[in-house]
Amino acid sequence: KQEVTQIPAALSVPEGENLVLNCSFTDSAIYNLQWFRQDPGKGLTSLLLIQSSQREQTSGRLNASLDKSSGRSTLYIAASQPGDSATYLCAVGTGANNLFFGTGTRLTVIP
Amino acid sequence: NAGVTQTPKFQVLKTGQSMTLQCAQDMNHEYMSWYRQDPGMGLRLIHYSVGAGITDQGEVPNGYNVSRSTTEDFPLRLLSAAPSQTSVYFCASSPLWTGKEKLFFGSGTQLSVL
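None of the values given here were measured: they were computed from a predicted structure.

What counts, and at which threshold
Residues numbered from 1 in each chain as written. Chains lettered and ligands numbered in written order. Predicted model: local features only at pLDDT ≥ 70, side-chain atom pairs only at ≥ 80, totals over all residues. Heavy atoms only, no water. Salt bridge = Lys/Arg side-chain N within 4 Å of Asp/Glu carboxyl O. Helix = DSSP H or I, 4+ residues; strand = E, 2+ residues; numbered from the N terminus. Buried < 20%, exposed > 50% of the residue type's maximum accessible area, 1.4 Å probe, protein only. Disulfide = S-S within 2.5 Å. Core = buried A, V, L, I, M, F, W, Y, C linked by side-chain atoms within 4.5 Å. Contact = heavy atoms within 4.5 Å. Polar contact = N/O pair within 3.5 Å; in protein donor to acceptor, adjacent residues only side chain to side chain. Buried area = accessible area lost by both parts, 1.4 Å probe. Nonpolar A, V, L, I, M, F, W, Y, C, P; charged D, E, K, R; others polar. Pairing = 2+ DSSP bridges.

Description of the pattern of salt bridges
Here is step 1: Within the structure shown, the criterion is met by five salt bridges over all chains.
Here is step 2: Between B:Glu59 and A:Lys1 there is a salt bridge, with the nearest N and O atoms lying 2.6 Å from each other. Residue B:Glu59 is found in the loop between β6 (54–57) and β7 (64–66), and its partner A:Lys1 is found in the segment before β1 (4–7); the two belong to separate chains.
Here is step 3: Since its relative accessible area comes to 29%, B:Glu59 is described here as partly exposed.

Here you go:
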């Protein structure tokens, strides 16, 4: 069974800092990897999707990378803002129509 | 553009009661799914559907039932609620399941079973 781990569980940074969130997974046979954002009491919003044949995806200040061979992905957030405060979830898609989720990293950006 | 709509947002049940969580999407997505989110655990797949009339079990299907009579709707039924089913439930959809499409989530239903 695919297991997804996210470290750290929580992170506080001052506004303007660049930061990296980490995700690791145990089975490299994946369809894709998605990074989601979840605000308190809200649903999940997909930020970036990396297909299994790709190495990275970028959207604005966000950049996600994927290294299937080592079972790792990183989400890089440049010039963090207080509005970036949320929980970030990593999820690995498999051929069995399933996403396996990590438990998330709770990010706080301090003004 | 409503996206994925879940109702109700909050629900309290007594042990043994049954209820249906509603999910509707207006994006003509073929793939729909139900997840539950529990503290300290990642979201886990309950059931999913790849099109009208087709459903299948996910990782934690026991105690839940689904049907997909239309492309738009994918209700989740709790047959006899148990305290272990206290959780936040999310419905999600995507155009297909090919590895290239993002998953769109509803805002969730917070369920408490007493």
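Focus: the state of the cysteines
Residues and elements named next belong to chain B.
Here is step 1: Taken as a whole and assessed by the stated rule, the structure comprises two disulfides over all chains.
Here is step 2: Bridging Cys23 to Cys91, the disulfide has an S-S length of 1.8 Å. Looking along the S-S bond of the Cys23-Cys91 disulfide, the torsion reads about -70 degrees, which is the left-handed sense. Taken as a pair, Cys23 in strand β3 (residues 19–25) and Cys91 in strand β9 (residues 87–94) lie far apart in primary sequence, 68 residues in all. Considered together, Cys23 and Cys91 belong to a single accessibility category, that of buried residues.

Observations regarding the nonpolar core
Here is step 1: By size, the foremost hydrophobic cluster in this structure holds 24 residues, and its most contacted members are A:Leu33, A:Trp35, A:Leu75 and A:Tyr88.
Here is step 2: Looking at this core, the elements that each hand over two or more residues are β3 (19–25), β4 (32–38), β5 (44–51), β7 (62–67), β8 (72–77), β9 (86–94) and β11 (105–110) of chain A.
Here is step 3: Apart from residues no more than four positions distant in its own chain, A:Leu33 is found in contact with A:Cys23, A:Phe25, A:Leu48, A:Leu49, A:Ile50, A:Leu66, A:Ser73, A:Cys90, A:Ala91 and A:Val92.
Here is step 4: If you look at the next biggest cluster of nonpolar residues, it comprises 19 residues, including B:Trp34, B:Ile46, B:Val66 and B:Phe74.

Here's the deal with the side chain of B:Thr109
All names here are of chain B.
Here is step 1: In this structure, Thr109 sits in strand β11 (residues 109–113).
Here is step 2: Owing to a relative accessible area of 0%, Thr109 belongs among the buried residues under this scheme.
Here is step 3: Only 2.5 Å separates the side chain of Thr109 from the backbone oxygen of Pro8, close enough to count as a polar contact.
Here is step 4: When residues no more than four places from it in sequence are discounted, the contact partners of Thr109 are Gln6, Thr7, Pro8, Lys9, Leu21, Ser87, Val88 and Tyr89.

Let's talk about the interface of chain A and chain B
Here is step 1: Opposite the 26 residues of chain A that make contact, chain B presents 22 residues.
Here is step 2: When residues of chain A are sorted by the area they lose upon contact with chain B, A:Leu44, A:Asn97 and A:Phe101 head the list and together hold 30% of the total.
Here is step 3: On the surface where chain A and chain B come into contact, there are one salt bridge.
Here is step 4: Summed over the shared surface of chain A and chain B, the number is five residue pairs in polar contact (both at pLDDT 80 or more).
Here is step 5: Elements with a contribution of two residues or more to the side of chain A that touches chain B: β4, β5, β9 and β10 (98–101) of chain A.
Here is step 6: Tallying contributions element by element places β5(A) first for the side of chain A that touches chain B, with six residues.
Here is step 7: Grouping the amino acids of the side of chain A that touches chain B by side-chain chemistry returns 11 nonpolar, 13 polar and two charged.

Here's the deal with the environment of A:Tyr88
All names here are of chain A.
Here is step 1: Structurally, Tyr88 is set in strand β9.
Here is step 2: Residue Tyr88 is classed as buried on the basis of its relative accessible area of 2%.
Here is step 3: For the pair formed by Tyr88 and Leu44, sequence separation is 44 residues and the distance between their alpha carbons is 9.1 Å.
Here is step 4: Apart from residues lying up to four places away in sequence, Tyr88 is in contact with Gln6, Leu21, Phe36, Arg37, Leu47, Leu75, Ile77, Gly104, Thr105 and Leu107.
Here is step 5: A distance of 2.6 Å separates a polar side-chain atom of Tyr88 from the backbone oxygen of Asp84.

Re the pairing of β8(A)
Residue and element names in this part refer to chain A.
Here is step 1: The side-chain alternation of β8 yields one buried face, formed by Ser73, Leu75 and Ile77, and one unburied face, formed by Arg72, Thr74 and Tyr76.
Here is step 2: In this sheet, β8 lies alongside β3 in antiparallel orientation, the contact comprising six bridges. For Asn22, the partnering residue across the bridge sits in β8 and is Thr74.
Here is step 3: Summarising the sheet, β7 and β8 pair through six bridges and their orientation is antiparallel.

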